[in-house]
Amino acid sequence: MTMTDIMNQHANDIYAKALIWDNHAGFESRPDVDLSQLNHWRNSGVSFVSVNVGYDVRPWTNTIHTLAHVRHWIEAHPNDYVIARSVDDIFRARSNGCLAVSFDIEGMEALDGNIDMIQLYYDLGVRQMLFAYNRNNGAGGGCHDEDIGLTEFGRSVVTEMNRVGMLVDCSHSAYLTTMEAMELSTSPVTFSHSNPKALCDHPRNITDDQIRSCAATGGVIGINGIGKFLGDSIDPEHFVDHIAYTANLVGVQHVGIALDYSDGTDDLQDAITGQSHFWPSEWYGGKIKFMAPNRLMDVVNIMLRRNYSSEDITAILGGNFLALAQRVWQ
């Protein structure tokens, strides 16, 4: 065998043994979304994916209808998919050859001003929720808006999320909002799908201070696979650059995978083009490109070539987010 063959075999072995956790799938949240695109993750050997079921771009009622649709669809395909209410569900799904799925919500508009909605969403399978999707709302500031920090409602949301076991997510939110949330939370927090601004100066990316503060809570930063946040590239080499930068800054144990992938069947590009208020054209002009789940094997090969250990690669692929869920989910 050549050295390349040996390296490829090593990568295959690591990938096959790892529990692979994608912390955010980025397709459009709507009640008629084509969920067959979940096959991209299942066919790529991914063990778990978090699916967004609502965001501030749509009314809060859309989140309820989307959750109903997604839950029904998954439960109608029990041989392939499982709703993960607990970490044990993820292990069982993996042992049965199924993809485990839980849900996330991007923005507190989905609460309709009612703090009791957090428990309801948790009971329906939502395991993480962020404050504001790019623009300000009643909970706090978005990354493309005036940085107002957490509101009183936003502060009460953090307390309630800690109580029920829902992961506090700081992606898409403004700097001050995230820093106040991380200081307030008594549980570890996440930037579920955000990249270091030091490598790509986009408002959706996050500063070294934000990365350090997240790590200080015991949290994990999920590296995003969208080209505009990687530096106008979906080359896995650049994806690993962002992994490496974050790991060098705060440690391997605080880095994970969050591809934010959509295959285009749900017309997300049309939504972005038609809603410049949420996606300013100067930052989102042109076609959005996504690194697909089937490139994760390339990511493993690149990390091996850069002398990452098998243990560190396994942690980044999913072990770190798994450990975070074990600490936070109830």
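In this report, the structure presented in the accompanying data block is examined. (Residues numbered from 1 in each chain as written. Predicted model: local features only at pLDDT ≥ 70, side-chain atom pairs only at ≥ 80, totals over all residues. Heavy atoms only, no water.)

1. Remarks on the pairing of strand β2 (residues 48-55)
Then comes step 1: The element β2 is largely enclosed, with a buried count of eight among its eight residues.
Then comes step 2: The sheet contact formed by strand β1 (residues 21-25) and β2 spans three bridges and is parallel. Each bridged residue has a counterpart across the sheet, and for A25 the counterpart in β2 is V51.
Then comes step 3: With seven bridges joining them, β2 and strand β4 (residues 99-106) adopt parallel strand pairing. Among the inter-strand pairings, N52 is bridged to a residue of β4, identified as D104. (Buried < 20%, exposed > 50% of the residue type's maximum accessible area, 1.4 Å probe, protein only. Helix = DSSP H or I, 4+ residues; strand = E, 2+ residues; numbered from the N terminus. Pairing = 2+ DSSP bridges.)

2. Thoughts on the layout of surface pockets
Then comes step 1: Roughly 150 Å³ of internal volume is contained in the largest pocket.
Then comes step 2: Forming the walls of the largest pocket are S262, D263, G264, D267, L268, Q269, D270, K287, I288, K289 and F290.
Then comes step 3: Residues that form the lining of the largest pocket fall into these classes: three nonpolar, three polar and five charged. (1 Å grid on protein atoms, 1.4 Å probe; cavity = no way out; pocket = protein on both sides within 12 Å on 5 of 7 lines; lining within 4 Å. Points joined across faces, edges and corners; volume = space filled by probe spheres on them. Nonpolar A, V, L, I, M, F, W, Y, C, P; charged D, E, K, R; others polar.)

3. Some words on empty space enclosed by the protein
Then comes step 1: Evaluation of the coordinates by the stated rule reveals two cavities of 30 Å³ or more.
Then comes step 2: Taken as a whole, the largest cavity spans an internal volume of roughly 200 Å³.
Then comes step 3: Secondary-structure elements contributing two or more residues to the lining of the largest cavity are β2 and α11 (268-274).
Then comes step 4: When the residues that make up the lining of the largest cavity are grouped by side-chain class, the tally is 11 nonpolar, six polar and four charged.
Then comes step 5: Here the second largest cavity is characterised by a volume of approximately 60 Å³.
Then comes step 6: Those elements that place two or more of their residues in the lining of the second largest cavity are β1, β2, β4, β5 (126-130) and α14 (310-328).
Then comes step 7: The residue makeup of the lining of the second largest cavity, split by class, is eight nonpolar, four polar and one charged.

4. Topic: the pairing of β5
Then comes step 1: With respect to burial, β5 is a largely interior element, five of its five residues being buried.
Then comes step 2: For β4 and β5, the ladder comprises four bridges, and the chain directions are parallel. Bridge pairing in β5 places E106 opposite L130.
Then comes step 3: At this point the chain moves from β4, through helix α5 (residues 117-123), to the parallel β5, and the crossover so formed is right-handed.
Then comes step 4: With three bridges connecting them, β5 and strand β6 (residues 167-169) associate as parallel partners. Among the inter-strand pairings, L130 is bridged to a residue of β6, identified as D169.
Then comes step 5: With helix α6 (residues 152-164) bridging β5 and the parallel β6, this β-α-β connection has right-handed handedness. (Right-handed = clockwise from strand over helix to strand, strands pointing away.)

5. Some details on the nonpolar core
Then comes step 1: Formed by 109 residues in total, the largest nonpolar core has its most connected members in L38 and F103.
Then comes step 2: When residues in this core are grouped by element, the largest group, nine residues, is from α14. (Core = buried A, V, L, I, M, F, W, Y, C linked by side-chain atoms within 4.5 Å.)

6. A few points about the environment of C214
Then comes step 1: Here C214 is to be found in helix α8 (residues 208-216).
Then comes step 2: When its relative accessible area of 0% is taken as the criterion, C214 is described as buried.
Then comes step 3: Distance in space between the C-alpha atoms of C214 and Y133 is 19 Å, their sequence separation being 81 residues.
Then comes step 4: If we ignore the near neighbours within four places in the chain, the residues touching C214 are M182, V189, T190, F191, G219, V220 and I221. (Contact = heavy atoms within 4.5 Å.)

7. What about helix α3 (residues 60-75)?
Then comes step 1: With 16 residues, α3 ought to run about 22 Å at 1.5 Å a step, and its terminal C-alpha atoms sit 23 Å apart, in line with that.
Then comes step 2: When α3 is considered as a whole, its buried residues turn out to be N62, T63, T66, L67, V70, R71, W73 and I74. Down the axis of α3, the buried set is contained in an arc of 160 degrees. They therefore lie on one face. Away from its buried face by more than 90 degrees, α3 exposes H65 and H72. (Expected span 1.5 Å × (residues − 1). Arc of directions from axis to C-beta.)

8. Observations concerning the pattern of salt bridges
Then comes step 1: Tallied over the entire structure, the rule returns 12 salt bridges.
Then comes step 2: R305 is the partner of E237 in a salt bridge, and the nearest nitrogen-oxygen pair spans 2.1 Å. In this pair, E237 is assigned in helix α10 (residues 236-250) and R305 in helix α13 (residues 296-305), connecting sequence segments 68 residues apart.
Then comes step 3: A relative accessible area of 25% places E237 in the partly exposed class.
Then comes step 4: A salt bridge links R306 to E237; the shortest N-O distance between them is 2.9 Å. Of this pair, R306 sits in the loop between α13 and α14 while E237 sits in helix α10; the two residues are 69 residues apart in sequence, bridging distant segments of the chain. (Salt bridge = Lys/Arg side-chain N within 4 Å of Asp/Glu carboxyl O.)

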